[in-house]
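Remarks on the overall topology
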Amino acid sequence: MSLRIIVVLAVLTGVTGSPGVMIWPEADSADTAHPNSVPETVEATEIFGQQQEVPVEEEAEEADEAVMATGELNPNHYPARRAAKVVQHYLNTRYGSPFRLFGLHNVQSGNAEDAADSGRKYQLEISVQEIISNTTENCSAEVLFLGGDQQRLPQVQVSCEELLKSNTEAQEEALFQKYKMNPSLLSAQNLPDSYGHIEPDNKPLWHLGIVASSSVMLKESTENTLFNMAQVANITQLATESEQLKFDCHILLHEMVSQEIINWKLLFTWSPPEGVNVLQMEQLPHCHHCEKPPNTN
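So, here is what we can say about the structure in this document. Everything quoted here is computed from the prediction, not taken from an experiment.

Our focus in this paragraph is the overall build of the protein chain. Looking only at helices and strands, one finds five helices and ten strands in the protein chain. For the protein chain, the residues scored as buried account for 44% of the 297 residues in total. Considering only residue pairs separated by 6 or more positions, the protein chain has 61% of its internal contacts joining residues 24 or more positions apart. For the protein chain, the computed accessible surface area is about 16400 Å², with 51% contributed by carbon and sulfur atoms.

What the rule picks out here adds up to five salt bridges. In this structure, glutamate 162 and lysine 165 form a salt bridge, with 3.1 Å as the shortest nitrogen-oxygen distance. Of the two residues, glutamate 162 and lysine 165, neither departs from the other in class, the shared state being exposed. Across the pair glutamate 243 and lysine 180 runs a salt bridge whose closest N-O atoms are separated by 3.0 Å. With a gap of 63 residues between them, glutamate 243 in the loop between β7 (227-238) and β8 (245-255) and lysine 180 in helix α4 (residues 169-181) connect regions that are remote in the sequence.

Before going further, it helps to examine the packing of aromatic side chains. Here the structure, examined in full by the defined rule, presents three aromatic pairs. Ring geometry for phenylalanine 176 versus tryptophan 270: centroids 5.8 Å apart, planes at 75°, classification edge-to-face. Of this pair, phenylalanine 176 sits in helix α4 while tryptophan 270 sits in strand β9 (residues 260-271), placing them 94 residues apart in sequence. There is no split in this pair, since phenylalanine 176 and tryptophan 270 are both buried. Arranged with centres 5.3 Å apart and planes meeting at 20°, the rings of phenylalanine 247 and phenylalanine 268 form a pair that is stacked. Here phenylalanine 268 lies in strand β9 and phenylalanine 247 lies in strand β8, a separation of 21 residues in the sequence.

Two elements, strand β3 (residues 119-130) and strand β4 (residues 135-146), share twelve bridges in a ladder whose sense is antiparallel. What sits directly across from leucine 124, in β4, is alanine 141. Where β3 hands over to β4, the hairpin turn is made up of four residues, of which asparagine 134 adopts a positive phi near 60°.

Our next topic: the nonpolar core. Core analysis: the biggest nonpolar cluster contains 32 residues, and Tyr179 and Ile235 have the highest contact counts within it. With eight residues, the single largest contributor to this core is helix α5 (residues 203-220). Beyond its immediate sequence surroundings of up to four residues, isoleucine 235 is in contact with Leu186, Ser187, Ala188, Leu191, Leu205, Phe247, Asp248, Cys249 and Phe268. Counting 24 residues, the second largest nonpolar core, distinct from the first, contains Leu73, Ala83, Ile126 and Leu218.

What follows is about the environment of glutamate 220. Within the secondary structure layout, glutamate 220 lies in helix α5. Here the alpha-carbon distance between glutamate 220 and arginine 152, two residues 68 residues apart in the chain, equals 8.3 Å. For glutamate 220, the residues in contact, after removing those within four places along its chain, are Gln151, Thr225, Phe227 and Trp264.

A separate point is the sheet that holds strand β1 (residues 71-73). In space, the five strands of this open sheet follow the order β1-β2-β3-β4-β5, with antiparallel pairing throughout. Both edges of this open sheet fall to β1 and β5 (155-159), since each of them pairs with a single strand only. For this sheet, the mean angle separating the axes of adjacent strands, direction not counted, is 20°. Against the sheet, helix α3 (residues 78-95) touches β1, β2 (102-115), β3, β4 and β5, its axis set at about 120° to β2.

Let us now look at the packing of α3 against α5. Closest axis-to-axis distance for the α3/α5 pair is 8 Å, and the angle between their directions is 135°. The pairing of α3 with α5 is recorded here as oblique in orientation. Considering only the axes of α3 and α5, their crossing is left-handed. Of the residues in α5, those touching α3 at Val86, His89, Tyr90, Asn92 and Thr93 are Val211, Ser214, Ser215, Met217 and Leu218.

Conventions we followed
- Residues numbered from 1 in each chain as written.
- Predicted model: local features only at pLDDT ≥ 70, side-chain atom pairs only at ≥ 80, totals over all residues.
- Heavy atoms only, no water.
- Helix = DSSP H or I, 4+ residues; strand = E, 2+ residues; numbered from the N terminus.
- Buried < 20%, exposed > 50% of the residue type's maximum accessible area, 1.4 Å probe, protein only.
- Contact = heavy atoms within 4.5 Å.
- Areas by Shrake-Rupley, 256 points an atom, 1.4 Å probe, with all protein chains shown as cover.
- Salt bridge = Lys/Arg side-chain N within 4 Å of Asp/Glu carboxyl O.
- Phe/Tyr/Trp six-rings, centres within 6.5 Å; stacked < 30°, edge-to-face > 60°.
- Pairing = 2+ DSSP bridges.
- Core = buried A, V, L, I, M, F, W, Y, C linked by side-chain atoms within 4.5 Å.
- Axes fitted to C-alpha atoms, helices over the stretch in contact; angles between N-to-C directions.
- Parallel < 35°, antiparallel > 145°, perpendicular 65-115°, else oblique.
- Left-handed = near helix turned anticlockwise from the far one by under 90°.

Below you can see the structure in the form of structure tokens.
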């Protein structure tokens, strides 16, 4: 009788397992993503004002990001993409025009290292698209975020020879003469509008706003920011006697990490030989009652 009881207990133990051990179900892979990762689907060129949604980071994730990655970087994580966006802003600031705009297509690889006492250096292999001609090129870039108490302009070196060869001089000169000889000064609002639409005649003004805003985004960029041009709230051509056209512009930037919409007022000039030059930039107070511009998530 006692032998039968022992056998039965052994069988029950084999079926139910140890009563003191709990086996947890495997976590869903979607819940175990690195806190600095961005969706794998963010492959398409980041078109201004029409980026795909980037998740808002939780407090624990922000704390994790405070420890900057060093060595080889995951190209889909924020540190690599933030540095790559700085390259985009740099290219538009230096070479952008109403007929030439650069967008980050994807990040192929990246590496970060502490640069002695000068800050942190990112070495990147990226794909950049000239959006208007729909031309894409693989580029090598180096971004140095300078250290110190005061924020300073990131230093950028980039090699994108083929993209910079596109000749838009004739188009730019024709547009310049059209704007200069126009009997009335130009103005436009809400580029794009609430439906994401821009009238064809206003697209050069939208492009000028993007190029001018790139100077602000480059100046404000750090290892902890990710800026996107959201909207030209308004842009007005000003009377001038110089050989350059002058514009007053109110732009809205989307800071993707904090999810803030930041208002800036810019005064800039443009001519084909000189390009876009921002003369003044002023950050405006936060507008609590303003509607969020379209397509900025």
